[in-house]
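# A structural walkthrough
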Amino acid sequence: MHFAQGLKMAFKSIRSNKLRSILTMLGVIIGVGSVIALVGIGQGTSKQIEEQVQSLGTNLLTVNILGRGVTSTLAYEEAVQFAGIEGVEYAAPYNSNNATLKYGTAGAGVNVIGTNADYFPLRGYELAAGRFITQIDLDFHQKVAVLGSATAEELFGSENPVGEYVRINGVRYKVVGLLAEKGSSALGSNDELAVIPLTTAERMFRSKGVRSVYIQAESMDALDAVQAEVEARLAKIFRNGDDAYRVFNQADMLETAASVSGTLSLALGGIAGISLLVGGIGIMNIMLVSVTERTREIGIRKAIGAKKRDILMQFLIESVTISALGGLLGVGLGLAAGRAVSSLVKIDVVHSADMIALSMGFSILIGVVFGMYPANKAANLKPIDALRFE
Amino acid sequence: MMDGKTERPLVRVEQVSKEYAMGGEVLKALNGVSLTVGYGEFVAIIGPSGSGKSTLMNILGCLDTPTSGKYWLEGEEVSRLPENRLAEIRNRKIGFIFQNFNLLPKLTALENVELPLIYRGMKGAERRERAMEALRKVGLADRTRHRPAELSGGQQQRVAIARALAGSPPVLLGDEPTGALDSKTSGEVMELMLELNREGHTIILITHNMDVADQAKRIVRIADGVLDEGGGAACISPRD
Ligand SMILES: Nc1ncnc2c1ncn2[C@@H]1O[C@H](COP(=O)(O)OP(=O)(O)OP(=O)(O)O)[C@@H](O)[C@H]1O
Ligand SMILES: [Mg+2]
């Protein structure tokens, strides 16, 4: 018997038992569908995180001061020294505080960043109007601010804010610059902020020292040497313990992101495995019932010359067709669910062809594995016993 | 026709027994049966219920194997062959017609008739042609797309005969092929069988009906698993 014939028979039998076939497929449909959707969401999210980490600027080191031990802060003067290290392009110490901005009657709660001039090129901000914060602003504790585009729009509408005055927690600041829109990322909006000189921020929020420093190396190659030097200097400053600070580099962050998405994938793989196993058992169950129900049919087929292999093929093709069809519908369901989620929650959903091929392959495998036993049972029936079966 | 010793017979069964173990006791459904059937014969097997007719027929049709004894089909000893070879023999050499038709309910008449040819590996166009020809022969050329449930009993049995004929096997076996039909349709089906025999097909069938048996050229009686050809066919059935 030819394969095409077996396929035709399988479709005939599936069509003549539509409801049962669909119920049988349901396990595989749901299994594959959820895998495709969840993995798509997982991959989309980790891609977004990766892009976010990369958009912080390549060759980036982040120093976080945790404030433990005897010496608990890093002075601004010490932090800017990092800029002098061989291979460093920018060093931007910064503090961030939540504060209320007011312009006339309009108000907004935003993140106020106290930093220096290096912050803007390092974070990739560009100007829409006015100027950035400069070193002179820091030296003279100027009360000047640069506004993010979203913050500016909230307070000023479509008016140009440059030259106007805003109140930050009640203190008057002159708006000297407006940042171009940067868009949002997985970590939040990049346009809802106000930037002021670090020295001014220290006074205003009564916090001496900086909490974080961004350091950008000139190149990826220089990064390791820069990190070693930064860590050496920090060790000298925080003599009583290295748990007072943390230095992250780009590679660390990417690694963390990768390990998170790796764990996620593993968990999803587990869910996939379990649901497909359940689907497979469903198929086996139905195929066993089907073999019993069709014992006479098997007897008739054998009586007119079907070989063991023909019957085996017939039932195996049937179970594989059911599982493959289930897989196909599952892929469709997963893609649709992914699209629905991405349009509802604004998460990127990334489907990889590999994943789709893998789950299709797995569905087919399920059909073979769980169809084998019933098919074998049918093929081994003796023709005379099968014919006598009522 | 009767001198099967000189030319190779179509069917030769020698000392065939079939035993069933029933709760410690051994039941001998067939007890040393010997039978020879030549090409072109029309043999009717008659006997009381439970005498072993179906048991013998199933062995002749290679659906079952004997406990002991030998069976040659066209010169090949088939009683000990592996299941796969038997399937091939059933497919090519035997056309089995059942009392209850045994058609596949979900297939059309044409598809049912095609089935043995599918298992033979025959390609589409030739297969359909052969199946159509078989259906024409049994007078059902206009019922090819009907399913068994849409056919009368006699028509269903004729489809089953067409299925048995389609592969042009050397022998047609019928286990009470008219047993489920009323006397009128059963007469029609018998007429078809006789016609097929006149065309050269060898036919062996079981029947309870003496009218049916009388139309055969040769009658074999069986009782308690023992064959008795006493009197021979000629004196009972003086046809041809
Ligand atoms: N699978 C079996 N297991 C045990 N005994 C069996 C089996 N098949 C048949 N027999 C016994 O073998 C004997 C012959 O059975 P068989 O079916 O050949 O009778 P038969 O001549 O065809 O009868 P009928 O005219 O009623 O169809 C019976 O006594 C029956 O009980
Ligand atoms: Mg019987």
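Residues numbered from 1 in each chain as written. Chains lettered and ligands numbered in written order. Predicted model: local features only at pLDDT ≥ 70, side-chain atom pairs only at ≥ 80, totals over all residues. Heavy atoms only, no water.

Looking only at helices and strands, one finds 13 helices and 12 strands in chain A. Taking 390 residues into account, the globule formula puts the C-alpha radius of gyration at 21 Å, and chain A, at 33 Å, lies well above it. The dimensions of chain A, computed from C-alpha atoms along their principal axes, are 105 × 50 × 30 Å. Within chain A, buried positions represent 46% of all 390 residues. With an accessible surface of roughly 18,500 Å², chain A has 58% of that area assigned to carbon and sulfur atoms. (Helix = DSSP H or I, 4+ residues; strand = E, 2+ residues; numbered from the N terminus. Rg over C-alpha atoms; globule rule 2.2 N^0.38 Å. Buried < 20%, exposed > 50% of the residue type's maximum accessible area, 1.4 Å probe, protein only. Areas by Shrake-Rupley, 256 points an atom, 1.4 Å probe, with all protein chains shown as cover.)

Our focus in this paragraph is the sheet that holds strand 1 (residues 11–22) of chain B. Strand pairing in a sheet relies on backbone hydrogen bonds. The paired strands run either parallel or antiparallel. All names here are of chain B. Spatial strand order, 2-1-4-5: 4 strands in an open sheet with antiparallel pairing. Every interior strand has two partners, whereas the edge strands, strand 2 (25–37) and strand 5 (76–77), have only one. Across the sheet, helix 1 (residues 53–60) lies against strand 1, strand 2 and strand 4 (68–73), angled at about 125 degrees from strand 1, the strand it touches most. (Pairing = 2+ DSSP bridges. Contact = heavy atoms within 4.5 Å. Axes fitted to C-alpha atoms, helices over the stretch in contact; angles between N-to-C directions.)

With that out of the way, let us pick up the sheet that holds strand 6 (residues 94–97) of chain B. All names here are of chain B. The sheet built from 6 strands is open, its strands ordered 6-7-8-3-9-10 with mixed pairing. Both edges of this open sheet fall to strand 6 and strand 10 (226–228), since each of them pairs with a single strand only. Pairwise comparison of adjacent strand axes, ignoring direction, gives a mean angle of 20 degrees for this sheet. As defined by bridge partners, strand 3 (residues 42–46) adjoins strand 9 (residues 218–223) across 4 bridges and the pair is classed as parallel. The residue of strand 9 that forms the bridge with isoleucine 46 is arginine 221. Lying over the sheet, helix 2 (residues 83–93) contacts strand 6 and strand 7 (171–175), oriented at roughly 80 degrees with respect to strand 6. Taken strand by strand, helix 6 (residues 183–198) contacts strand 3, strand 6, strand 7 and strand 8 (202–206), and its axis lies near 150 degrees from that of strand 8.

So, on to the nonpolar core. Counting 65 residues, the largest nonpolar core has Val11(B), Leu60(B), Tyr71(B) and Ile204(B) as its most contacted members. With 6 residues, helix 12 (residues 353–379) of chain A is the largest single contributor of residues to this core. Apart from the residues lying within four places of it in its own chain, the contact partners of Tyr71(B) are Val11(B), Arg12(B), Val13(B), Ile59(B), Leu60(B), Cys62(B), Glu76(B), Glu77(B), Val78(B) and Ser79(B). Val88(A), Val146(A), Val176(A) and Ile237(A) belong to the second largest nonpolar core, which has 42 residues in total. (Core = buried A, V, L, I, M, F, W, Y, C linked by side-chain atoms within 4.5 Å.)

As a further point, take the interface of chain A and chain B. Often, the extent of an interface is quoted as the loss of accessible area on bringing the components together. Listed per partner, the contact involves 24 residues of chain A and 26 residues of chain B. Across the chain A-chain B interface, the total number found is 2 salt bridges. Residue Glu111(B) is joined to Lys12(A) by a salt bridge in which the shortest nitrogen-to-oxygen separation is 2.6 Å. For the pair chain A and chain B, the interface holds 6 residue pairs in polar contact (both at pLDDT 80 or more). Mapped by element, the contributors of at least two residues to the side of chain A that touches chain B are helix 1 (3–16), helix 10 (295–303), helix 11 (308–345) and helix 13 (383–388) of chain A. A per-element tally of the side of chain A that touches chain B places helix 10 of chain A first, with 6 residues. Its residues placed into classes, the side of chain A that touches chain B shows 9 nonpolar, 6 polar and 9 charged. (Salt bridge = Lys/Arg side-chain N within 4 Å of Asp/Glu carboxyl O. Polar contact = N/O pair within 3.5 Å; in protein donor to acceptor, adjacent residues only side chain to side chain. Nonpolar A, V, L, I, M, F, W, Y, C, P; charged D, E, K, R; others polar.)

Per the domain assignment, the segments of chain A are domain 1 (3–52 + 256–388) and domain 2 (72–237). Domain 1 of chain A and domain 2 of chain A are separated by 55 Å when their C-alpha centres are compared. (Domains from an automatic or database assignment.)

According to UniProt, the feature "domain: ABC3 transporter permease C-terminal" (unreviewed entry) maps to residues 271–383 of chain A in the numbering used here. When the span residues 271–383 of chain A is considered, its composition is 87% helix and 0% strand, and the gap between its end C-alpha atoms is 42 Å. (UniProt positions renumbered as here; feature names shortened; annotations may be inferred.)

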